[in-house]
Amino acid sequence: MAALLITGGVVTVAGSAFADDDSGSEGGLFSALSSDDGGGSGDSGDSEGGSDEESEGSDERSDEGSGDDSDGSEDGSEDGRDGREDQDQRRGDEKNGMTEDVGEVEADNEGAEVEAAEARAAQEDPFPGRDEAANADEGDYVDIADVEANGNIGEGGVFNGGSYSVDCGVSDHNNSDNYMAAPGKRNGAQHVHDYVGNQTTDANSDDGPLQEAADNGQTSCVNGDGSTFFWPVLRDINGQSPDEGEDGGSLDGNVGSILRPASADLTFHGHGDREIQPMPTHLMLIMGNAKQGAQDGKNVNAKYTCSGQGNENRITEQYPICGEGEQLTRILDYPSCWDGENLESEDFRSHVFFPDEAGNCEDDQTPIPALRITLKYDQPEGRTFQIDSFPNEQHDPRTDHSDYHNIASQASNDAGAACINEDRTCSNLPQ
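The rules we used
Residues numbered from 1 in each chain as written. Predicted model: local features only at pLDDT ≥ 70, side-chain atom pairs only at ≥ 80, totals over all residues. Heavy atoms only, no water. Helix = DSSP H or I, 4+ residues; strand = E, 2+ residues; numbered from the N terminus. Buried < 20%, exposed > 50% of the residue type's maximum accessible area, 1.4 Å probe, protein only. Pairing = 2+ DSSP bridges. Axes fitted to C-alpha atoms, helices over the stretch in contact; angles between N-to-C directions. Patch = residues over 30% accessible without salt bridge, like charges linked within 9 Å, V, L, I, M, F, W, Y side chains within 5 Å. Areas by Shrake-Rupley, 256 points an atom, 1.4 Å probe, with all protein chains shown as cover. Salt bridge = Lys/Arg side-chain N within 4 Å of Asp/Glu carboxyl O. Lys, Arg positive; Asp, Glu negative; His and termini not counted. Charge placed at Lys NZ, Arg CZ, Asp CG, Glu CD.

Trainee: Which residues make up unusual backbone geometry, and what values go with them?
Mentor: The backbone phi angle of Asn 187 is positive, close to 60 degrees, even though this residue is not glycine. The residue Asn 187 is located in the loop between β5 (173-175) and β6 (193-197) in this model. Asn 187 sits in the buried class, given a relative accessible area of 1%. Of note, the phi angle at Asp 296 is positive, near 55 degrees, even though the residue is not glycine.

Trainee: Got a sec to walk through the sheet that holds strand β16 (residues 352-353)? Specific residues and values, please.
Mentor: One open sheet holds the 3 strands; their spatial order is β16-β15-β17, and the pairing between them is antiparallel. In the strand order of this sheet, the two ends are held by β16 and β17 (366-367), each with one partner. Here 2 bridges tie strand β15 (residues 337-338) to β17, and the two strands are oriented antiparallel to one another. Across the sheet, the residue bridging to Cys 337 is Pro 367, located in β17.

Trainee: Which residues make up the sheet that holds strand β20 (residues 401-405), and what are the values?
Mentor: Ordered by their spatial adjacency, 5 strands build an open sheet running β5-β6-β7-β20-β11, and the pairing between neighbours is antiparallel. What marks the edges here is a single partner per strand, and that holds for β5 and β11 (284-288). The sheet shows a mean angle of 20 degrees between the axes of neighbouring strands, direction not considered. Alignment of β11 against β20, held across 5 bridges, turns out to be antiparallel. The residue of β20 that forms the bridge with Met 284 is His 405.

Trainee: Quick rundown of a negative patch on the surface? Include the residues and the values.
Mentor: Residues Asp 273, Asp 356, Glu 357, Glu 362, Asp 363 and Asp 364 make up a contiguous surface patch of negative charge. Mapped onto the elements, Glu 357 comes out in the loop between β16 and β17.

Trainee: Break down the pattern of salt bridges for me, with residues and values.
Mentor: Scanning the entire structure with this criterion turns up 10 salt bridges. Here Lys 303 and Asp 333 are joined by a salt bridge, their closest N and O atoms 2.6 Å apart. Highlighted residues: Lys 303 in strand β12 (residues 303-306) and Asp 333 in strand β14 (residues 328-333), separated in sequence by 30 residues.

Structure, rendered in structure tokens:
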């Protein structure tokens, strides 16, 4: 493989009743709404890549590094749990900090017997966890005004030098597949993805057909870049579901109308004190972990904030409740140190790494452009939005993740590296 309307009353969503208690934040925002269930495990950070991340739907590959489980808001404490009890304190206990990943992990080598047992289980229940589906918890949300200035959390996001970006628009292509983590498996992600770039991406995608589509101009990118970029959709849980009663939709606990991003910025940055090498064609990258709950917080790299002056340095792992006129912002930072040899790995992490706090790669690693995807949304009021997730991950904001498969031409990749190394700002490089 190449891989409610909120009207101030009570609102019922997917079987759970939410009420607005009118105790909201100073900005006139609605107060906390809590869900009744607790939760879980999830997508891969889109490791999705078979391993952590999504493994979407398949646990056959493995997970990685270590990470942090926490990050809740002070107002998401004990009273909104409704039976969640401890849940290993993974939500609502700490404020806005984030424990760093220890790094990439190796693929899981559990032996033939364990793998055979997992294969049998997958046949018996191809879409596990549906009985644990629940909406996000009250403690998964925080008023952006309560987030302390921190500049950056998690891994990546330390840049210098030049940059280049590509305009691929916003998504008009969705499905609940993940050809990286669950190749050939329909609904392998058990949650819906937004795609930009290559317009043919589905469960059966691979280097050949994706490259052919790119060569034929089947891409949303204005410069003809046929790469594929994808991430879980964000939903207004009080809106009308386009996939009610369907796999990836309400059958997997994902309810409400899909929110289309107001903008999607795809920018590749320089970092560290060494020259950046061109992004290798057909390199596959993942960030985050869609199954972080099931995997004890490994590889979490969720970053949210709000647009608007003063919020630039307020980054949180929780869903931020933004002020009037501000947009919810998701930041997806990818690893940018390559082993110099492999375009993918079994766990989709062992071949790429995050740089250190100064943006530098290890001596035996190759610095490549650092991809940051920034998504902005016109946010529903109050705690009425959440990202899609595996059902047993219960829309934990820390399951945010994204996948990237580079199918840009070698000429474009070379030109991008030159922009970075020459400290220039470039966009929509020709293919």
